[in-house]
2 protein chains.
Amino acid sequence: MNTPRIRVGVIGAGFVGGALVQLLSDESRHIALLDAATASLEVVGVAVRDAQKPRAGIDPALLTTDALALANREDLDILVELVGGVEPARTYIVAALRRGVSVVTANKALMAECGTELSQIAHEHGADLFYEAAVGGGIPILRALRTSLAGERIERVMGIVNGTTNFVLSKMTSEGSDYDVALAEAQALGYAEADPTADVEAFDAAAKVQILSSLAFGTELSGEEIYREGITGVRAIDVDFARRTGYVIKLLGVAERVGEHGISRRAHPALVPVEHPLASVHGAMNAVFVEGAKSGPLMWLGQGAGGEPTATAVLGDVLHAARNRVSGRHDVPFSVDDRLQSVSAGDIKSVFYISLDVLDEPGVLASVAGIFGNHGVSIQSMEQSGFGDEARLSFVTHSALTQNVHATIDDLAKLESVDSVGACFRVIDGGAA
Amino acid sequence: MNTPRIRVGVIGAGFVGGALVQLLSDESRHIALLDAATASLEVVGVAVRDAQKPRAGIDPALLTTDALALANREDLDILVELVGGVEPARTYIVAALRRGVSVVTANKALMAECGTELSQIAHEHGADLFYEAAVGGGIPILRALRTSLAGERIERVMGIVNGTTNFVLSKMTSEGSDYDVALAEAQALGYAEADPTADVEAFDAAAKVQILSSLAFGTELSGEEIYREGITGVRAIDVDFARRTGYVIKLLGVAERVGEHGISRRAHPALVPVEHPLASVHGAMNAVFVEGAKSGPLMWLGQGAGGEPTATAVLGDVLHAARNRVSGRHDVPFSVDDRLQSVSAGDIKSVFYISLDVLDEPGVLASVAGIFGNHGVSIQSMEQSGFGDEARLSFVTHSALTQNVHATIDDLAKLESVDSVGACFRVIDGGAA
């Protein structure tokens, strides 16, 4: 019996692409990949920058430098895009989708910026567009949101979705090191780029929040409205304060319902209670914590990066697209709830941890407390520490409107007795698990 | 435009069935459930034992006491079976599948015993058979194994898949209580049955191992070969020893590859390192930890029981079956690797914790150590504690063949200076996360 052959083109043969092509080329795995009777998979081309460079496990005859021609091949069934960035990746993907070719990508920047448009083009041309690897590397969270949780009303998604910052913050927690030291170590080990901006300023986490929230809530809200705050301001003394009070500091991507039709989307450091499942996600691991109205809390944990874990996620998408291909169908895009609106970060209530470097003199606490009171921000606990130049006041507020907390901070910074506002981080309430 | 109506029959209206019917009856959710243009879902009948009993949220006109007639309805698209147990559930399901009706069930006993047979009948008649809720309640682990991880070679699956025993062991850990006290508390809170045998003797966990291993490895091996050991022998002093040495005791369901074609399947208590992600799964929560050759470690966590979480998992299956129905297809069953063979528990190597109640007299350690040596079981660490009637020797072995450890235990029990073997539990190696 002749089984249909599903022809796969791959753009990009770096860590992920190389691992993927090897997985796809391993004939012994094909029984497991697709039912033998259903179809077989064949890599028909691999687009790279330098076709002369030898690549382990890739037949040199497959290599091409013309990615667009590969995307436009007449006989292609599935295009896998692994080059990253918005252009030219978008051009390749649009070319393939317009011909009804299904696309699998790991491109978070592109999906965060153009996800709605590309999904629409895919649907109009009867093709699939899958991007499991764009969030959480090898963790199969996106498919779960699209399928298993399709009937669930999701209230909140919170994720540790950036391995670099989690590695840095984990180091600061386990070793008490300063941010600069931990970052340098992450760079030396290859966990952080020479220019770490995209990670440490939470641009990467915000892009993942955009992708997660679009699937979790069915929104087409702009990613530009996502509130973003990096980890560069996290100090060893903040990590220590957190530890002593039962918390760990994590960079979280958060998307949650607020009221009837509001959605708040944010990426920022936060104090997470040690008993919360997210608190024990260490090093470069990623995790996504989902709170459903009926399902209760759910968490997915796994390796957020790395060639092989990411290739596994890409392969899962390729298999899904191949199965659809064989049965002549494609997945319908997630449904969109047009009533949803973006709620700005200032309008969200939260508990805050605030740390002030102050002059070591009488009366400071009174004037500081007065400013909190002026803005209606009430204090849950206060700690006075250090002496002289090191004198410090640390506060944990009751739940307060973020804009009121920020107004408090602005006024505090103007006080003569306050040297500087050292920290102002959100505190997450207790975990359900 | 007329959209197709997918007709759903539900057998059983307990906690799960009641929650499901309410979810399906909520018209406002249907936009999210299925693309409005795709199909709509309609509950056409609910089979119960007593049709006179009023049931909140269920139209009395839908109630019937004839479950078999419901399963045999001409116009049925999907049958949801929520009565549990092998018969008569099996009869209902077979009747529906034979007519090409897709089936969704939460029935772990049935799927563990008849899963292969039922999946075959479903496939032959072009129907789907989904059972996400049979393992881990609301945790969408089975679909992930069937889809996202379909291309992955899974090396090991370890799960905390029984909420009752995890509640009891968590209580013993957090409060230092004895087994009987913790069990009584679980019974008072409704977490344990009056007859807790199925849970505490690991029958329930073993059934879930059978279902997980069939999907993870593609086996049709008999569930009767699964090694099973309950938690009734876990004492407060064992929990304390574990805590002091950096472990927590958990009831684990384990399925793992051994050598080329071997599969070991077991359910037993084990000492889990505190840094392992499974160690922080508390109370009635469930979690499944998967180690893939390429994906690395992955973990799913969530509520393992309860009407609403379980109903969410059932609903996810119903939506998947409905989408397949609309597009005139069904999922192919997982592929089976006929070469796989069951490896008996005795042939597995493991580190063991062994605790002996001994006479408080000189020379005991020498004779005990001699017996370990006779069986080639080498000792990693030893602790002598208690005096007089309470004298105790606790050992942690190096990795040793289980049958050699059991032979050691048998000989130790015959020693005059050993009152009894208090504990012999496996120790899990460090987590990758």
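It should be noted that the structure appears before, not after, this text.
Keep in mind that this is a model prediction, so the values were computed, not measured.

(A) Quick look at the overall build of chain A. Per the secondary structure count, chain A includes 14 helices and 18 strands. Projecting the C-alpha coordinates of chain A onto the three principal axes gives extents of approximately 85 × 45 × 35 Å. Looking at chain A as a whole, 52% of its 433 residues are labelled buried. Contacts in chain A between residues far apart in sequence, at least 24 positions, make up 75% of those at least 6 positions apart.

(B) Highlighting the packing of helix α13 (residues 364-374) of chain A against helix α14 (residues 402-414) of chain A. Residues and elements named next belong to chain A. Relative orientation of the contacting elements α13 and α14 amounts to 150°, with a least axis distance of 9 Å. Relative to α14, α13 is oriented roughly antiparallel. For α13 against α14, the interelement crossing comes out right-handed. Counting all contacts with α13, which are made through V368, I371 and F372, the residues of α14 involved are T408, D411 and L412. Grouping the constituent residues of the contact of α13 with α14 by class yields four nonpolar, one polar and one charged.

(C) Representation of the nonpolar core within the structure. Within the largest apolar cluster, 280 residues are counted, with the highest numbers of intra-cluster contacts made by L20, V80, V288 and V314 of chain A together with L20, V80 and V314 of chain B. If we ignore the near neighbours within four places in the chain, the residues touching V288 of chain A are G136, I139, I141, V157, G159, V161, L212, M299 and W300 of chain A.

(D) Broad picture of the environment of S335 of chain B. Residue and element names in this part refer to chain B. Locating S335 in the fold gives a position in the loop between α12 (307-326) and β13 (341-342). Exposure remark for S335: the 16 C-beta atoms within 10 Å place this residue in the partly exposed category. C-alpha of S335 to C-alpha of E113: the two residues are 222 residues apart in sequence and 18 Å apart in space.

(E) How the structure looks around unusual backbone geometry. Residue and element names in this part refer to chain A. Cis rather than trans, the peptide bond between E87 and P88 has omega equal to 5°. By secondary structure assignment, the location of P88 is in the loop between β4 (78-81) and α4 (89-98). The phi dihedral of A202 is positive, around 70°, even though this residue is not glycine. Following the sequence through the fold, A202 ends up in the loop between α9 (197-200) and α10 (203-217).

Cut-offs applied
Residues numbered from 1 in each chain as written. Chains lettered and ligands numbered in written order. Predicted model: local features only at pLDDT ≥ 70, side-chain atom pairs only at ≥ 80, totals over all residues. Helix = DSSP H or I, 4+ residues; strand = E, 2+ residues; numbered from the N terminus. Buried ≥ 20, exposed ≤ 12 C-beta atoms within 10 Å, placed from the backbone. Contact = placed C-beta atoms within 7 Å. Axes fitted to C-alpha atoms, helices over the stretch in contact; angles between N-to-C directions. Parallel < 35°, antiparallel > 145°, perpendicular 65-115°, else oblique. Left-handed = near helix turned anticlockwise from the far one by under 90°. Nonpolar A, V, L, I, M, F, W, Y, C, P; charged D, E, K, R; others polar. Core = buried A, V, L, I, M, F, W, Y, C linked by C-beta atoms within 7 Å.

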